[in-house]
Amino acid sequence: MLDRRFIRENLELVGEAIAAKRESADLDRFVELDRRRRELLGEIETLKARRNQASAAIGEAKKRGEDAQEAIAAMREVSSQIKEGDERLAELEAELLQEQLRIPNLPDPDVPRGGEEENEIVRSWGEPRHLEYARPHWEIGESLGLLDLEAASRMSGSGFTVLKGDGARLERALINWFLDVHVEGQGYVEVNAPYLVRSEAVQGTGQLPKLADDMYRTTTDGLWLIPTAEVSVTNLHRETILGPDEIPRRYVSFSPCFRREAGSAGKDTRGMLRVHQFHKVEMVRFARPQDSEKELEELVNDAAVLLEGLELPYRVVKLASGDLSFAAAKCYDLEVYSPGVDAWLEVSSCSNFRDFQARRANIRWRAEKGSKPIHPHTLNGSGLALPRVLVAILENHLTGTGKVRIPEVLRPYMGGREYIHS
């Protein structure tokens with residue numbers, strides 16, 4: 001969330017950000033509500049000053065033995081006006097907050113302006129494999145008994161998958177290896193947090209109100225199923241003030257993720273490319289403001305290490321403003337090449353939110369003992385999202401005999417085996 005004063009003093013810059021991100025926030029309405037709120041606040045403060053003066057005058061009159069009934073009646077009228085003003089102020093505050101929550105974060109200056117076509121390939125690793133015997137993952141998975149899409153459809157409808165046998169074991173191997181690398185090799189603290197959260201938590205990370213239609217919500221309790229562990233882990237410190245030695249922090253969490261994928265009908269619907277429920281390992285960082293740019297680069301590298309270990313060709317893409325998420329100031333996507341579908345698949349998005357999320361969730365930090373609290377910067381990145389990593393492994397490590405070679409780093413988690421076969 002952007003600071004109100006910042007918005008007032010930088011209307012042109014904020015308006016450009018709304019356009020660059022292709023958002024529909026009503027900046028004019030925000031300005032009008034903000035003006036009315038500040039005007040009403042001034043009127044209420046004037047009335048309170050009059051009430052205080054009248055109260056003092058009544059006290060003096062009583063000391064002198066004079067009749068103060070007229071002054072008391074006048075003060076009651078002023079108190080009534082104050083009460084009415086406070087009620088109108090609360091209504092205005094609620095309306096203003098809703099408009100403020102719809103204003104996106106500012107894209108960093110070095111973010112390319114434009115849509116997806118302006119995304120910038122920063123670097124790449126490995127050579128895409130154009131295999132003569134390439135097959136899509138759903139064919140490989142079904143032929144090896146790893147994937148049962150029909151069973152998933154019968155029980156849950158489209159957009160769901162069933163992994164079984166070595167398919168389920170391969171995913172479990174990936175999860176365990178990802179967590180081991182992040183915790184033992186990169187210094188993250190592992191977190192197991194709730195998968196159901198309150199509206200305030202989803203609002204804190206920026207999914208609400210914009211993405212309400214893309215999420216699942218329970219009808220009885222009004223809790224939201226998390227679309228990513230980013231929500232739970234970032235909210236570990238909501239409404240708190242962290243001490244000088246408590247930043248920087250690195251967390252990693254495995255969780256299921258739930259997304260309705262509203263508006264994506266007909267897009268990447270085969271197999272595991274776009275599903276409503278999937279597993280993901282998520283990295284979250286809390287950083288000193290002056291260090292967050294450096295920490296973003298580290299975050300990208302922490303995800304890239306995994307792809308190199310899995311021997312998967314990948315590229316790092318800096319997203320243009322129109323392709324950025326609502327809350328991100330800057331984002332790098334890591335994409336792996338999959339020969340079976342002949343496409344680059346996003347397996348990680350690493351984002352710097354600056355103080356946008358921390359302000360929404362009221363997360364603060366004292367740089368020094370006794371100093372005024374400020375908002376730290378938050379960052380997160382997938383490390384990694386499981387479905388498309390599984391897709392990439394099946395399609396990239398398929399052999400001419402129909403077996404799938406297990407990457408060496410996963411073999412200790414797969415009973416020492418070298419291949420998956422029927």
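Parameters at a glance
Residues numbered from 1 in each chain as written. Predicted model: local features only at pLDDT ≥ 70, side-chain atom pairs only at ≥ 80, totals over all residues. Heavy atoms only, no water. Core = buried A, V, L, I, M, F, W, Y, C linked by side-chain atoms within 4.5 Å. Buried < 20%, exposed > 50% of the residue type's maximum accessible area, 1.4 Å probe, protein only. Helix = DSSP H or I, 4+ residues; strand = E, 2+ residues; numbered from the N terminus. Contact = heavy atoms within 4.5 Å. Salt bridge = Lys/Arg side-chain N within 4 Å of Asp/Glu carboxyl O. Axes fitted to C-alpha atoms, helices over the stretch in contact; angles between N-to-C directions. Parallel < 35°, antiparallel > 145°, perpendicular 65-115°, else oblique. Left-handed = near helix turned anticlockwise from the far one by under 90°. Nonpolar A, V, L, I, M, F, W, Y, C, P; charged D, E, K, R; others polar. Pairing = 2+ DSSP bridges. Phe/Tyr/Trp six-rings, centres within 6.5 Å; stacked < 30°, edge-to-face > 60°. Lys NZ or Arg CZ within 6 Å of the ring centre and 35° of its normal.

Novice: Summarise the nonpolar core; cite the residues concerned and give the values.
Specialist: Core analysis: the biggest nonpolar cluster contains 52 residues, and Leu174, Phe178, Leu310 and Ile393 have the highest contact counts within it. No other element matches the 8 residues that helix α7 (residues 166–185) contributes to this core. Filtering out sequence-adjacent residues up to four positions away, Leu310 remains in contact with Leu174, Trp177, Phe178, Val389, Ile393, His397, Pro407, Val409 and Leu410. Leu27, Phe30, Leu92 and Val111 belong to the second-largest nonpolar core, a separate cluster that totals 29 residues.

Novice: Pulling in residues and values, what's your account of the pattern of salt bridges?
Specialist: One pass over the structure, following the stated rule, counts 33 salt bridges. Between Glu39 and Arg35 there is a salt bridge whose closest N-O contact spans 3.2 Å. Of this pair, Glu39 and Arg35 both sit in helix α3 (residues 27–63), 4 residues apart, which is roughly one turn of that helix. Its relative accessible area of 44% is what places Glu39 among the partly exposed residues. With a relative accessible area of 36%, Arg35 lands in the partly exposed category. We note a salt bridge from Asp166 to Arg417, for which the minimum N-O separation is 2.8 Å. Linking Asp166 in helix α7 with Arg417 in the loop between β13 (404–405) and β14 (419–420), this pair joins segments that are 251 residues apart in sequence.

Novice: Provide a residue-level description of the packing of α7 against helix α12 (residues 386–396), including the pertinent values.
Specialist: One can describe the packing of α7 onto α12 by two numbers: an axis separation of 11 Å at closest approach and a directional angle of 115 degrees. On the basis of the axis angle, α7 is roughly perpendicular to α12. You can see that α7 and α12 cross each other, and the crossing is right-handed. For the pair α7 and α12, contact is made by Leu170, Glu171, Leu174, Ile175 and Phe178 and by Leu386, Val389, Leu390 and Ile393, respectively. Here the contact of α7 with α12 is composed, by residue class, of 8 nonpolar, no polar and 1 charged.

Novice: Residues and numbers for the sheet that holds strand β9 (residues 330–338), please.
Specialist: In a beta sheet, neighbouring strands are held together by backbone hydrogen bonds and run either parallel or antiparallel to one another. Here 8 strands make up an open sheet; going across it, the order is β1-β8-β9-β10-β12-β7-β6-β2 and the pairing mixed. The strands lining the two open edges of the sheet, one partner per strand, are β1 (120–125) and β2 (189–190). In the sheet, β2 pairs with strand β6 (residues 249–258) via 2 bridges, with the strands oriented parallel. If you follow Glu190 over to β6, its bridge partner there is Val252. Across the sheet, α7 is in contact with β2, β6, β7 (277–287) and β12 (377–385); its angle to β7 comes to roughly 5 degrees. This element, helix α10 (residues 292–309), spans β1, β6, β7, β8 (314–318), β9, β10 (343–352) and β12 of the sheet and lies at about 5 degrees to β12.

Novice: Could you give an account of the packing of aromatic side chains, with specific residues and numbers?
Specialist: A full pass over the atoms with the stated rule returns 5 aromatic pairs. Ring geometry for Trp125 against Tyr314: centres 5.8 Å apart, planes inclined by 20 degrees, an arrangement best described as stacked. Note that Trp125 is positioned in strand β1 and Tyr314 in strand β8, a separation of 189 residues in sequence. The exposure class assigned to Tyr314 is buried, which follows from its relative accessible area of 3%. Each ring, one from Trp177 and one from Phe178, has its centre 5.9 Å from the other, and the planes form 50 degrees; the classification is tilted. Across the ring face of Tyr188, the terminal group of Arg250 is positioned such that the distance to the ring centre comes to 5.9 Å.

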